[in-house]
Amino acid sequence: MHCNYPLATQTTFQGQSIPDTTVHWFRLDALRLHDNPAFVDAVKTDGNFKAVFIIDPWFNANYNNGGPQVNVWRFLLEALHDLDSRLQKKPYCARLNVLYGQPTMILPELYKKWNVKKITFQASQVSSESMKHDGIIKILSEQQNVQAVSYFSHTLYDPANVIALNNGRVPLSYKEFRRLMPLMGKPASPIPEPHPMSLCMKAPPSELVPEPEGKIPKLQDLGLSDEFALYTNSWVGGETEALSRLSSFCSRRAAIPNEPVHWLMSKDTLSPYIKFGCLSVRQLFSQLLQFASTSSKGQELFELLTKNLLLREFAFLVGSSSPKFDVMEGNSLCIQLPWESNNVFIQAFRNGQTGYPWIDAIIRQIRQDGWAHFLARQSIAVFLTRGYLWISWVLGKEFFQEFMIDFELPVSSVCWMQSSCSGFFCTQIESYDPCLVGKQIDTDGHYIKTYVPELKDFPSEYVHQPWKCSSLHTEASWLCDREQYPKPIIDVCKQGELCCKRVQSIMKALADVYGVE
Ligand SMILES: Cc1cc2nc3c(=O)[nH]c(=O)nc-3n(C[C@H](O)[C@H](O)[C@H](O)COP(=O)(O)OP(=O)(O)OC[C@H]3O[C@@H](n4cnc5c(N)ncnc54)[C@H](O)[C@@H]3O)c2cc1C
């Protein structure tokens, strides 16, 4: 039941009486109130309620090139502001306390300071290491007599249940995972936000909402300039925006013409909201299910997106149970290919200066917007790795980790391993010639011209291969544009042939390990 404020006090800290408190720890991938079982548990617990988000230095660590870039931070900070303003409203009348440091240090301090008796949070599913970290938090909490309760809510299914259905084994191929589907049944329905009358937390009157103990930083506080982020703000972070997008998502998505060129620059996507947990995948699934019954188009959309959500599910399942899943060394699911180390290639790739307009447009879209379509991601993944440059997929994954606002470690690792022929074998080893694929998808070059301004006035027939445009039939201004744009860093025919031979020799090894899917 909703109780009055102030509260019956039970202990003291630095001379002050403090009531029993339940903390809900909002984690990086659960920034929402809807379908959040851990949050519901916290607000249904009797006593004081506090909401916490911890900016863990880990979020910035393990990068060779300086951590997540401005768009990723912008999205996160917007999502935190949104969460804070949702919490301030009735019935919660709470604030989001944003603290900086390692959770294993911060939480024990809060336990003492706030007289915490219970903490709830979404269980981590990102990697086996992060799941171990959850275990440490639970032990630390118990040592201070704090009950720690976690829930799986970042995926459609609880991974432990799926593994149990597979006789205790993690399904190591998507085919094996799909075979379990009939046993797994339909995903659980999303849980609604709790009814105000069902809350047991003691909320203050709305005019007495306390100030948070730590405020949400600004981009400038993090040493980032917001100039670029504001310019490219196509995805506004937060649950409010996620739910508003979701409300018309199915009908808008079904109306997009079924041609890849329309998808390349679509901003109508949900992946960043899923990544930060601003949108629950169970909520999305239930919306798709409803829409499926409305028309054959609805059914088509349901089938396509369910397949994608299941691929994501598989990635989380394998990723969270396989140590070192995101690197090569020590990763039992990754074929150890002898990648080359060529700094000139790596820098040209990272900066969108390969001299192949289709590839450079994609890289620049990722740097600028923090997002690209699946076909675009796959094109550059093949180009960087087994198709042409023969550079390790781990460097590509790290590039995504810095710039993509929807970066999810298990999903990206599976996709990069698959695109580079390093794991999760698939028989469709296409060549992905950067000029041919570009022409097929972006025939008139509109996408290239948007992201590669050096070629914006170039004739469409040559925009995919500007070097082919001879000076005889080229106007002086176009030639000048071409001079601004780099020459191709490789000969695709020669390099493609060389890589193809290497790939053929490893295909057999892959088939032996994974079987043909
Ligand atoms: C090299 C490479 C790296 C990738 N890295 C990521 C990543 O870090 N994060 C990420 O969310 N997706 C990643 N993808 C998958 C895919 O490109 C994106 O999920 C998709 O483009 C997001 O757009 P959407 O929201 O319109 O997807 P939709 O088509 O609307 O799909 C709905 C959701 O399903 C999931 N999904 C879609 N496709 C896949 C897939 N192939 N595998 C697993 N899950 C999928 C995503 O969560 C997505 O939001 C990667 C693909 C490649 C080739």
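Residues numbered from 1 in each chain as written. Predicted model: local features only at pLDDT ≥ 70, side-chain atom pairs only at ≥ 80, totals over all residues. Heavy atoms only, no water.

Let us look at the packing of aromatic side chains. This structure, assessed with the given rule, holds 21 aromatic pairs. Judged by centre distance (6.0 Å) and plane angle (75 degrees), the ring pair of phenylalanine 39 and phenylalanine 49 falls under edge-to-face. In this pair, phenylalanine 39 sits in helix H1 (residues 37-43) while phenylalanine 49 sits in strand S4 (residues 47-55), placing the two residues 10 residues apart along the sequence. Phenylalanine 49 shares its class with phenylalanine 39; the two are buried. Between phenylalanine 383 and tyrosine 388, the aromatic rings sit 5.6 Å apart at their centres with planes inclined by 35 degrees, giving tilted as the arrangement. On the basis of relative accessibility, which here comes to 1%, the residue phenylalanine 383 falls in the buried class. Assessed through its relative accessible area of 4%, tyrosine 388 is described here as buried. Here a set of aromatic residues connected by ring pairs shows up, and it is made of Phe349, Phe399, Phe400, Phe403 and Trp416. One cation-aromatic arrangement involves lysine 275 over phenylalanine 276; the distance from NZ or CZ to the ring centre is 4.8 Å. (Phe/Tyr/Trp six-rings, centres within 6.5 Å; stacked < 30°, edge-to-face > 60°. Helix = DSSP H or I, 4+ residues; strand = E, 2+ residues; numbered from the N terminus. Buried < 20%, exposed > 50% of the residue type's maximum accessible area, 1.4 Å probe, protein only. Lys NZ or Arg CZ within 6 Å of the ring centre and 35° of its normal.)

In the vicinity of the ligand lie 24 residues, with Arg253, Asn308, Asp406, Glu408 and Ser412 positioned nearest. Between the ligand and the protein, one listed contact pairs an oxygen atom with a side-chain N or O atom of arginine 253 at 2.9 Å. At 2.8 Å, a backbone N or O of aspartate 406 approaches a nitrogen atom of the ligand. Protein coverage of the free-state accessible area of the ligand, which is 820 Å², stands at 95%. Of all the elements in the fold, those that place two or more residues in the shell around the ligand are helix H11 (271-275), helix H13 (296-319), helix H16 (374-387) and helix H18 (409-419). Ranked by residues supplied to the shell around the ligand, first place goes to H13 with five residues. For the shell around the ligand, the residue count by class is 14 nonpolar, five polar and five charged. (Near = heavy atom within 4 Å. Polar contact = N/O pair within 3.5 Å; in protein donor to acceptor, adjacent residues only side chain to side chain. Areas by Shrake-Rupley, 256 points an atom, 1.4 Å probe, with all protein chains shown as cover. Nonpolar A, V, L, I, M, F, W, Y, C, P; charged D, E, K, R; others polar.)

What follows covers the environment of glutamate 142. Note on placement: glutamate 142 falls in helix H4 (residues 128-143). Classification of glutamate 142 by relative accessible area gives exposed; the value is 53%. It is 9.6 Å that separates the C-alpha atoms of glutamate 142 and lysine 118, two residues lying 24 residues apart in sequence.

Under the feature "site: Electron transfer via tryptophanyl radical" (unreviewed entry), the UniProt entry names Trp339, Trp393 and Trp416. In three dimensions, the annotated residues from a span of 78 residues occupy one location, with a maximal C-alpha spread of 13.9 Å. By the secondary structure assignment, tryptophan 339 is in the loop between H13 and helix H14 (343-350). For tryptophan 339, a relative accessible area of 14% gives the class buried. Setting aside its immediate chain neighbours within four residues, tryptophan 339 contacts Met328, Thr385, Arg386, Trp390, Ile391, Ser392, Trp393, Ser420 and Ser422. Tracing the backbone through its elements, the reader meets tryptophan 393 in helix H17 (residues 393-403). Tryptophan 393 gets classed as buried once you look at its relative accessible area, which sits at 0%. (UniProt positions renumbered as here; feature names shortened; annotations may be inferred. Contact = heavy atoms within 4.5 Å.)

Mapped onto the secondary structure, threonine 120 falls in strand S6 (residues 116-122). One polar contact links the side chain of threonine 120 to the main-chain carbonyl oxygen of alanine 38, over a distance of 2.9 Å. Once residues within four sequence positions are removed from consideration, threonine 120 is found in contact with Val23, His24, Trp25, Ala38, Phe39, Asp41, Ala42 and Val149.

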